[in-house]
Amino acid sequence: MASSKSFNKKDSYNISKHLLINFKTSDFNFTVPKKLIPNKPRLDNEVRLMVLNRENMSIDHQYIYNFNNYFLNGDTIVFNNTKMYKSILYGKKEKTGDNIQVYLLREVNKKEKSWEVLVQPARKIRIGNRLFFLDENNEKLLAVVHDNTISKGRILKFQSDLPNKDFKRKINHLGKIQADIYTDFKNSFLDLSKMQTIYAKKAGSTSPHFPGLHFSKLLLKKLELQGVNFSYITLHLGTNTYEKILVEDLQKHRMKEEYFNIPVKACKIINSSLKSHKKVCAVGTSTLRALESSVSTYNTLNPNKKWTNKFIYPYYKFNIVNSILTNFHPPKSTLIPLLTAFTGYEFLMKAYDIAIKEKYKFYNFGDAMLIL
């Protein structure tokens, strides 16, 4: 997994453009043994925590229940309080009766009940096709394929007179939880209650927020007693987390848009910690991307409600976040360049090498990495 690329923390600041290393997607490729990929949630005392200190380039091995030991009074932990809904619908084409699968990506128009979706088999789903989904009482929910999207998806318009709140409840009732594309999920493990963080509040994600699953009530209480601030923002997770970069030139990769909401209260807490030179720790790369998508001209955090397709890669200069808790991610995913920009290339690759040798668990139900 080692590479000839050389890039450390200091390289990410004040570097002339002609000195920048031209990173390619292949620089972020490595092999993760299948035995290091768990396929279901684990107990708190089983989850390990690798701690990377960027100041002295050290690596420490802990457990997640010791996470609080790295934070002091006045530091801020930023949580993504998004809530997952059941985003997979199984149905049929009305004319042919062919089985189809619809993956709900995001709501496009609340009034028209139109959604951006991915469909399988895609080649058989065309504009004008009518699809239907049956509940346990054999009542039909109809949808019409209204348009194509540039990302090879479709726009569906659902035919329902239900108020939007009741309609979404029906969707959630009909739907299934998204299967994880990196592990061999079995349906018995797809329990929605085990996929929600304990602070989940705002429904809208099609994917679980896995780094947030590391936090128990006990761990939150320990942090609270230490005087650590909690700040809650929302970014509704789509497929970005799961997508690999398919182009060699990083600058040509385009992230799908995701909606985020940063309230005024969150900004006050975070900006106060920044002003006092305290830690601002993002729980998850989604949280980090939302925060870095709403920076003022004074390098403080602005309240905001909008969509972001921000793709972070070397040599991005971080303005808000100075620490992050995340999991161990797949090769060639968008998350590896992001973390490289945060830690430096050699340091991150070294950490991943050690993680494999020390048998850390990878991906969604894997172990955690805290970068300070």
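The rules behind each value
Residues numbered from 1 in each chain as written. Predicted model: local features only at pLDDT ≥ 70, side-chain atom pairs only at ≥ 80, totals over all residues. Heavy atoms only, no water. Helix = DSSP H or I, 4+ residues; strand = E, 2+ residues; numbered from the N terminus. Buried < 20%, exposed > 50% of the residue type's maximum accessible area, 1.4 Å probe, protein only. Contact = heavy atoms within 4.5 Å. Areas by Shrake-Rupley, 256 points an atom, 1.4 Å probe, with all protein chains shown as cover. Pairing = 2+ DSSP bridges. Axes fitted to C-alpha atoms, helices over the stretch in contact; angles between N-to-C directions. pLDDT = per-residue confidence, 0-100. Parallel < 35°, antiparallel > 145°, perpendicular 65-115°, else oblique. Left-handed = near helix turned anticlockwise from the far one by under 90°. Nonpolar A, V, L, I, M, F, W, Y, C, P; charged D, E, K, R; others polar. Phe/Tyr/Trp six-rings, centres within 6.5 Å; stacked < 30°, edge-to-face > 60°. Lys NZ or Arg CZ within 6 Å of the ring centre and 35° of its normal.

A closer look at the overall build of the protein chain
Within the protein chain, the secondary structure is distributed over six helices and 17 strands. Relative to its 372 residues, the protein chain shows a buried fraction of 52%. A separation threshold of at least 6 residues defines the contact pool for the protein chain, and within that pool the share at least 24 residues apart is 71%. For the protein chain, the computed accessible surface area is about 18,200 Å², with 48% contributed by carbon and sulfur atoms.

Description of the sheet that holds strand E13 (residues 258-262)
The strand order across the open sheet built from nine strands is E2-E1-E17-E16-E14-E3-E12-E13-E15, with neighbouring strands paired in mixed fashion. On the outer flanks of this sheet lie strand E2 (58-63) and strand E15 (304-308), each paired with one strand and no other. Averaged over all adjacent pairs, the angle separating strand axes in this sheet is 25°, with direction ignored. As paired strands, strand E1 (residues 48-53) and strand E17 (residues 368-371) are joined by four bridges and run parallel to one another. Paired with Leu-52 across the two strands is Ile-371, which belongs to E17. Contacting E1, strand E16 (323-327) and E17, helix H5 (residues 335-343) crosses the sheet at an angle of about 150° to E16.

What about the confidence of the model for the protein chain?
Mean pLDDT over the protein chain stands at 87; residues scoring 70 or higher make up 89%. When the criterion is pLDDT under 50, residues 9-19 qualifies, and its contacts beyond four places in sequence or with other chains add up to 15 contacts. Low confidence marks residues 181-189, where pLDDT is under 50. Its contacts with residues over four positions away, or in another chain, come to 21 contacts.

Focus on the packing of H5 against helix H6 (residues 345-357)
Interaxial distance between H5 and H6 falls to 7 Å at its minimum, and their mutual angle equals 120°. Overall, the two elements H5 and H6 adopt an arrangement that is oblique. Two packed elements cross with a definite hand, and for H5 against H6 that hand is right-handed. In this structure, H5 contributes Ile-336, Leu-339, Thr-340 and Thr-343 to the contact, and H6 contributes Tyr-345, Phe-347, Leu-348, Met-349 and Tyr-352. Tallied by class, the residues present in the contact of H5 with H6 amount to seven nonpolar, two polar and no charged.

A closer look at the packing of aromatic side chains
Enumeration over the complete set of coordinates arrives at 26 aromatic pairs. Note on Phe-28 and Tyr-345: the rings are 5.8 Å apart at their centroids and 70° apart in plane angle, and the pair reads as edge-to-face. Residue Phe-28 is found in the segment before E1, and its partner Tyr-345 is found in helix H6; the two are separated by 317 residues along the sequence. Geometrically, the ring pair formed by Tyr-63 and Tyr-65 is stacked, given 5.6 Å between the ring centres and 5° between the ring planes. Within the aromatic cluster, the residues linked to one another by ring pairs are Phe-67, Phe-71, Phe-79, Tyr-199, Phe-215, Phe-230 and Tyr-232. Taking the ring centre of Phe-342 as reference, the NZ or CZ of Arg-54 above it sits at 4.0 Å. For the cation-ring pair, Arg-106 lies above Trp-307, with the distance from its terminal atom to the ring centre recorded as 4.6 Å.

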